[in-house]
Amino acid sequence: MKALGAAPIILASQSGDSFAPPTLDHEFNPDPLLFAGTPFEIHRLLMVRLIAVFVLLGVMLWYSRSAKLVPSRGQAAVETLLDFSRVQIGEEILGEDQAAKYQPMIATVFIGILFMNLTGVIPGLQIAGTSLVGMPLIFALFVFVGFVLAGIKSRGFGRFFKEQLFPSGVPKPVYILLAPLEFFSTFILRPLTLTVRLLSNMVAGHFILVLCFLGTHYLYFEISGVFGAGLGSLTLLVGVVFVVFELFVGALQAYIFAMLAAVYISLSISEH
């Protein structure tokens, strides 16, 4: 990939033109589209998030009002997502007895992140709603609050924090070192790693796609000729391959996030 990214720059120096690679500021700090200079300022990335939310809301409202005993293709698709979050995530980790109780939270995380991630490969949107830190952080805090409340409800306030910070079977002097480590691991590192994992994957995927397609445009229209067309076709092919790969990564990250949410709930409600 470094060679592909460097090729347009080398060719640019030979032709006198310049290739402008994507930058963090350009991609993730776009100019406002609406309400500029106000607290309600909306830029491209926020608009993509709003579109994803309204589409998801519309799909779920449609499903709740038109579900039938013999499902249509659309209804079957929605039920597949719901069943996957319930069976493959909830029941696999929490067991059938507990899964139903936490299914709303797990399904919200899984389907919400999935819709946000897939906007990155939709023409006209072309950026994931989770590729700026705010959205991954909100989902991470939602999971954090969820597993803490689940633990408190299941184990009791004092017992939950005691079990999380002071595991049984450890000599008491060791708690001086262990309790701060457990606090950091459980209440700080968990939401932090959830945020960073999702954010880094979606940012990296977006940059690869932008670089491939900008390089393709540059090679086709600025360099042109047989050499430019040949390399442009190669970067176009790589870009198409990465679109498919980004679909897979978007779905995988939604699954991992929801799976970890279920794992954290399981650790919170189980006896230590």
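Residues numbered from 1 in each chain as written. Predicted model: local features only at pLDDT ≥ 70, side-chain atom pairs only at ≥ 80, totals over all residues. Heavy atoms only, no water.

Participant: Requested: an account of the packing of helix H6 (residues 134-155) against helix H8 (residues 175-223), with residues and values cited.
Facilitator: Closest axis-to-axis distance for the H6/H8 pair is 8 Å, and the angle between their directions is 145°. For the pair H6 and H8, the crossing hand works out as right-handed. Where H6 abuts H8, its residues Pro136, Leu137, Ala140, Val143, Phe144, Phe147 and Val148 lie against Thr186, Phe187, Arg190, Pro191, Leu194, Thr195, Leu198 and Leu199. Among the residues forming the contact of H6 with H8, the class breakdown is twelve nonpolar, two polar and one charged. (Axes fitted to C-alpha atoms, helices over the stretch in contact; angles between N-to-C directions. Helix = DSSP H or I, 4+ residues; strand = E, 2+ residues; numbered from the N terminus. Left-handed = near helix turned anticlockwise from the far one by under 90°. Contact = heavy atoms within 4.5 Å. Nonpolar A, V, L, I, M, F, W, Y, C, P; charged D, E, K, R; others polar.)

Participant: How would you explain the UniProt feature "transmembrane region" (unreviewed entry) in the protein if you had to name every residue and give the values?
Facilitator: If you check UniProt for "transmembrane region" (unreviewed entry), the listed places come out as residues 42-63, 106-127, 133-152, 198-219, 226-245 and 251-269 in our numbering. Measuring from the first to the last C-alpha atom of residues 42-63 gives 29 Å, for a span that is 91% helix and 9% strand. For residues 226-245, the helix share is 100%, the strand share is 0%, and the end-to-end C-alpha distance is 29 Å. (UniProt positions renumbered as here; feature names shortened; annotations may be inferred.)

Participant: Quick rundown of the environment of Val244? Include the residues and the values.
Facilitator: As for its placement among the helices and strands, Val244 is situated in helix H9 (residues 225-269). A residue is classified by how much of its surface remains accessible, and Val244, at 54% relative accessible area, is exposed. A C-alpha to C-alpha distance of 44 Å links Val244 and Glu163, two positions 81 residues apart in sequence. (Buried < 20%, exposed > 50% of the residue type's maximum accessible area, 1.4 Å probe, protein only.)

Participant: Please set out the pattern of salt bridges residue by residue, giving values where relevant.
Facilitator: Counting across every chain of the model gives four salt bridges. Among the salt bridges present, the one from Asp83 reaches Arg86, with a minimum N-O distance of 3.3 Å. Of this pair, Asp83 and Arg86 both sit in helix H4 (residues 73-94), separated by three residues, roughly a single helical turn. The exposure class of Arg86 is partly exposed, given its relative accessible area of 33%. Across the pair Glu163 and Arg159 runs a salt bridge, and its minimum N-O distance is 3.3 Å. Separated by four residues within a single helix, Glu163 and Arg159 lie in helix H7 (residues 157-165), roughly one turn from each other. Using a relative accessible area of 43% as the deciding quantity, one classes Arg159 as partly exposed. (Salt bridge = Lys/Arg side-chain N within 4 Å of Asp/Glu carboxyl O.)

Participant: Any chance you could break down unusual backbone geometry for me, citing the residues and the numbers?
Facilitator: Even without a glycine there, the phi angle at Phe35 is positive, about 55°. Unusually for a residue other than glycine, Gln126 sits at a positive phi of about 55°. In this fold, Gln126 is placed in the loop between helix H5 (96-118) and H6.

Participant: Let's hear about H6: which residues, and what values?
Facilitator: An ideal rise of 1.5 Å per residue puts 32 Å on 22 residues; H6 measures up with 31 Å between its terminal C-alpha atoms. Within H6 the residues assigned to the buried category are Met135, Pro136, Phe139, Ala140, Val143, Gly146, Phe147, Val148, Ala150, Gly151 and Arg155. Looking at the residues trailing H6, positive phi occurs at Gly156, about 95°. (Expected span 1.5 Å × (residues − 1).)

Participant: Residues and numbers for the packing of aromatic side chains, please.
Facilitator: Evaluation of the coordinates by the stated rule reveals 14 aromatic pairs. An angle of 85° between the planes, with centres 5.6 Å apart, marks the rings of Phe144 and Phe147 as edge-to-face. Taken as a pair, Phe144 and Phe147 lie in helix H6 at a separation of three residues, close to a single helical turn. Overall, Phe144 belongs to the partly exposed group, its relative accessible area being 21%. A relative accessible area of 1% means that Phe147 is categorised as buried. An aromatic cluster of three or more residues is present, and its members are Phe144, Phe147, Phe157, Phe160, Phe161, Phe183, Phe187 and Tyr264. (Phe/Tyr/Trp six-rings, centres within 6.5 Å; stacked < 30°, edge-to-face > 60°.)

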